Structure formats: structure tokens, C-alpha cells
Amino acid sequence: MTEKKRKQIAILGSTGSIGTQALQVIKEHADTFEVYVLTANNQVDLLIAQAREFLPEIVVIANEDKYLYLKEALQDLPIKVYAGEDAISQVVQFEPIDIVLTAMVGYSGLKPTISAIKAGKVIALSNKETLVVGGELIAKLALENKTPIIPVDSEHSAIYQCLIGELDNPIEKIILTASGGPFRTYSNEQLRHVTKHQALKHPNWDMGAKVTIDSASMMNKGFEMIEAKWLFDVEPEQIEVIVHPQSIIHSMVQFQDSSIKAQLGLPDMRLPIQYALAYPERLHASFERLDFMKYSSLTFETPDMEKFRNLAFAYEAIRKGGNMPCILNAANEIVVAAFLQEKIGFLQMSDIIEQTMHEVGFIASPKYEDYVQTDAEARVKATEKL
Ligand code: MG
């Protein structure tokens, strides 16, 4: 039997929740995938352990202060070691790489994603902030470079799977499901007093801290609505968010003949990660199967946009367009960090985001430099309000 060429994977953000789960998938399918690049922001010891196990060609640590420590720890291995944000944007272009999995957190994903698209790499997109901030730019670049963007976000993976085989059949509506997070049934008064510890406990999904807080505040669903607009070329009015507390239906697509397709499964991020890396193949997975007898009741609710104002802000931002979603994202990154440091309360996050959206200068047709400037300005404005 001839050995088939293994797909070479670059994982940006390998020490985070998605990154570590991606490595589990790669380990289970070592005959199909090989790690070419691993990058991390700060968690150098975990990066070292991952590098020793998976033996990539290259590792990059974004925090340059940790370069020497990393280099020394790996000196007995033939692994190239680099540091800094620019190095990440450069290494994603290296010739042998087939797929770049963008699993870092926040705005920092934008630049390396642009770089990877320009190099014609398949993007397994996990960093949703990239599309929130620069969706218009990314969609245009991906089209120009004929680069497929395969979503890793579970909802968008579901929509992507529903669209397989539909060719040019137009989407009438996307039904984006939301778990509703841990505070779905809370009153405003209860929301005012929730703690960081409560917010970090998601009922269904095991995820990183930033996305778990975004999920509790429904900002995550707002971001996913914007992400869906750019990935599937639909208008915000065509995206309906519905709360589905069991997180079994990962999202749905409604077509012009009224037919609705859904993708279902247990909430396990390894599935959308594996789907994106293996696409168009489906590989055998070892994880648990959905047993309908254990989920005899799947329920649906309308989201409360007066209580969870972030979702309304996201619709407002994408309708306005231009740099407004970039402002929304930057303000959100600041308030989530402040909430995690227990500097502000849960409801204050929305107050500060709303004020920041009104204060930063609007740009209708931003270029890349405008996004950089908007991001910086929005961070300053939001920080002033803490
Ligand atoms: Mg999601």
C-alpha cells in the first residue's frame, strides 16, 4: 500500500481550547494529518510539551520575552523556533502547509488570516473575531485568491454541512441556534450580580474563557450572526437566532421550497474541528454518539434582546456596516477582560460597548489600516469607561 500524503496543518493558538482539541483530532488521525506549525501567545510550557509530542517543523511564541526559554527547551530537536506576531503572519505562508487553523483569540487573528489567504492556504476558521472585524475584506480576499474558508464554529460548520450538495440553490433563511448560556432564565436584577465564576460555567460547551463569557452575554451569538453573513453571503435579516438550550441542533438552513436542513450531534467541538480539517472527507470519530432517547425533548425559545442587549448591538453594528463591527469587537474585548479581572459587573459590559459604539469615528468603507486604527481607538475609549 502506498502511503498517502498527510495534510500539513498549521495551528495558530495551539495551547487554547480549540488548539488542544485539534491536536487530539490530529493524534487520532496521525495517518491523515501532520502538524507543521504550532503557535501560542503566552503559554510557553504547554507549547514546549506539544512540540515535543508532535514534532512540528516550526513553533512560534507571540510573546517575544519567552523566545529564549522556548529555544533552549527545544534545542535538542530539529524544530525551528521564532517569536513575535509578525513571525506568525510569515510562517503561515510556507509552502508545505495545506491548512491553517486559526484558533487564537480576538482581533490578533486578523493579520495572520489575511496572510494565509493571500498564500492560498485553506483556512479552517475558528477565530470568529476575524470575520466580525474584517468580514468584508476577508470575503473579498478569499474570493480573489480562491481560498476556501471552512468554518470551525459549530453553528457555521452545521450550516456548511447543510449546504453541501445544494450548489446554487439560494438560502432563504439561516436559523442560528444558541444555547442561551448559563443566565438564560435570569432576571435583570440577577444578571447585575452574577460573578465571573458563574459566567465561566457554560451548561453545554467546554470552551475558552473569552468565548464562554461572550456566550453568557450573548455577544457570541451576535458575532456568529455577523460571521454567518460573511461566510454564507446573506443579509442580517435572513439570519434568525433561536434559543435551543440542549445544543443538539447546531444550526439550520431553510430553502425557497420551505424545506429546512439541520445538522445534529452532541456538543463536542472535536466534531467541527475534525470536519474542517478532513473536508470533504468524513473520518471515523471515537467520540460518543447522539442517543435520541436521552434527548426526548428539544425545545426552542425567542432570544430576549432587551435583557441580552449585545445581540441587538451586533445587529445594529452589521446593519450600519463599515468599521462598526470592528468597534463592537474591540469594546467587547476590553470589557470581557475587565469582567474577568472583576473590575466591572456583568451588565456594565453592555453599557460600555454601547457608549463606545457611539463615540468612535465611523468609517463607511474601511481599508486594513482603518481597522487597525479603529481597533486602537475603540480600545482606548472603552478602557476610559472602566
Ligand atoms: Mg459557536
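Structure: above.
Residues numbered from 1 in each chain as written. Predicted model: local features only at pLDDT ≥ 70, side-chain atom pairs only at ≥ 80, totals over all residues. Heavy atoms only, no water.

A. Representation of the coordination of the magnesium ion. Of the protein atoms, only Asp-153 (OD), Glu-155 (OE) and Glu-224 (OE) coordinate the magnesium ion, at distances of 2.1 to 2.2 Å. Mapping the donors of the magnesium ion onto the primary sequence yields the spacing D-x1-E-x68-E. Of this pair, Asp-153 sits in the loop between β7 (149-151) and α7 (154-163) while Glu-224 sits in helix α11 (residues 219-232), placing them 71 residues apart in sequence. Each member of the pair, Asp-153 as well as Glu-224, carries the same accessibility label: buried. (Donors = N, O, S within 2.8 Å, 3.2 Å for Na, K, Ca; no water. Helix = DSSP H or I, 4+ residues; strand = E, 2+ residues; numbered from the N terminus. Buried < 20%, exposed > 50% of the residue type's maximum accessible area, 1.4 Å probe, protein only.)

B. Summary view of the packing of α7 against α11. At a minimum axis separation of 10 Å, α7 and α11 run at an interaxial angle of 30 degrees. Overall, the two elements α7 and α11 adopt an arrangement that is roughly parallel. Here α7 runs over α11; the crossing is right-handed. In this structure, α7 contributes Glu-155, His-156, Ile-159, Tyr-160 and Leu-163 to the contact, and α11 contributes Lys-221, Glu-224, Glu-227, Ala-228, Leu-231 and Phe-232. Class assignment of the residues belonging to the contact of α7 with α11 gives a composition of six nonpolar, one polar and four charged. (Axes fitted to C-alpha atoms, helices over the stretch in contact; angles between N-to-C directions. Parallel < 35°, antiparallel > 145°, perpendicular 65-115°, else oblique. Left-handed = near helix turned anticlockwise from the far one by under 90°. Contact = heavy atoms within 4.5 Å. Nonpolar A, V, L, I, M, F, W, Y, C, P; charged D, E, K, R; others polar.)

C. Here's a closer look at the packing of aromatic side chains. Scanning all chains against the criterion turns up five aromatic pairs. Ring geometry for Phe-183 against Tyr-186: centres 4.9 Å apart, planes inclined by 50 degrees, an arrangement best described as tilted. The buried category is assigned to Phe-183, whose relative accessible area is 1%. One aromatic cluster is present, formed by Phe-183, Tyr-186, Phe-339 and Phe-346 through successive ring pairs. A cation over a ring is seen here: Lys-229 above Trp-230, with NZ or CZ 4.5 Å from the ring centre. A cation over a ring is seen here: Lys-320 above Phe-362, with NZ or CZ 4.5 Å from the ring centre. (Phe/Tyr/Trp six-rings, centres within 6.5 Å; stacked < 30°, edge-to-face > 60°. Lys NZ or Arg CZ within 6 Å of the ring centre and 35° of its normal.)

D. View of helix α13 (residues 309-320). Spanning 12 residues, α13 covers 17 Å between terminal C-alpha atoms, matching the ideal 16 Å at 1.5 Å per step. Residues of α13 that are buried include every one of Asn-310, Leu-311, Phe-313, Ala-314, Tyr-315, Ala-317 and Ile-318, and no others. Looking at the buried residues of α13, the elements they touch are α11, β9 (239-243), α14 (324-340) and α15 (346-359). Backbone geometry just downstream of α13 places Gly-321 in the positive-phi region, at approximately 75 degrees. (Expected span 1.5 Å × (residues − 1).)

E. Seen up close, the sheet that holds β7. If you walk across this open sheet you meet the seven strands as β4-β3-β2-β1-β5-β6-β7, and the pairing is parallel. Across the chains shown, the open sheet's two edge strands, defined by having one partner strand only, are β4 (80-83) and β7. Averaged over all pairs of adjacent strands, the angle between their axes in this sheet comes to 20 degrees, without regard to strand direction. Summarising the sheet, strand β1 (residues 7-12) and strand β2 (residues 33-40) pair through six bridges and their orientation is parallel. In the strand pairing of β2, Ile-11 is matched with Leu-38. Across the sheet, helix α2 (residues 44-54) is in contact with β2 and β3 (58-61); its angle to β2 comes to roughly 165 degrees. (Pairing = 2+ DSSP bridges.)

F. Quick look at the pattern of salt bridges. Per the stated rule, a full pass over the model turns up 24 salt bridges. A salt bridge links Arg-6 to Glu-34, with the shortest nitrogen-to-oxygen separation between them at 3.1 Å. With Arg-6 in the segment before β1 and Glu-34 in strand β2, this pair connects stretches of sequence that are 28 residues apart. Here Arg-6 falls in the partly exposed class, since its relative accessible area comes to 25%. Residue Arg-379 pairs with Glu-333 through a salt bridge whose shortest N-O separation is 2.9 Å. A residue pair is termed long-range when its members are at least 10 positions apart, and Arg-379 in helix α16 (residues 368-384) and Glu-333 in helix α14 qualify at 46 residues. Arg-379 sits in the partly exposed class, given a relative accessible area of 22%. It is possible to trace a salt-bridge network through shared partners that takes in Lys-128, Asp-153, Glu-155, Lys-221 and Glu-224. (Salt bridge = Lys/Arg side-chain N within 4 Å of Asp/Glu carboxyl O.)

G. Just the side chain of Ser-179, in detail. Checked against the element boundaries, Ser-179 lands in the loop between β8 (171-178) and α8 (188-192). Here the side chain of Ser-179 touches Gly-181 through a polar contact of 3.0 Å, landing on its backbone nitrogen. One polar contact links Ser-179 to His-202, side chain to side chain, over a distance of 3.1 Å. With residues near it in sequence (within four places) discarded, Ser-179 still touches Arg-184, His-202, Asn-204, Val-243, His-244, Pro-245 and Ser-247. (Polar contact = N/O pair within 3.5 Å; in protein donor to acceptor, adjacent residues only side chain to side chain.)

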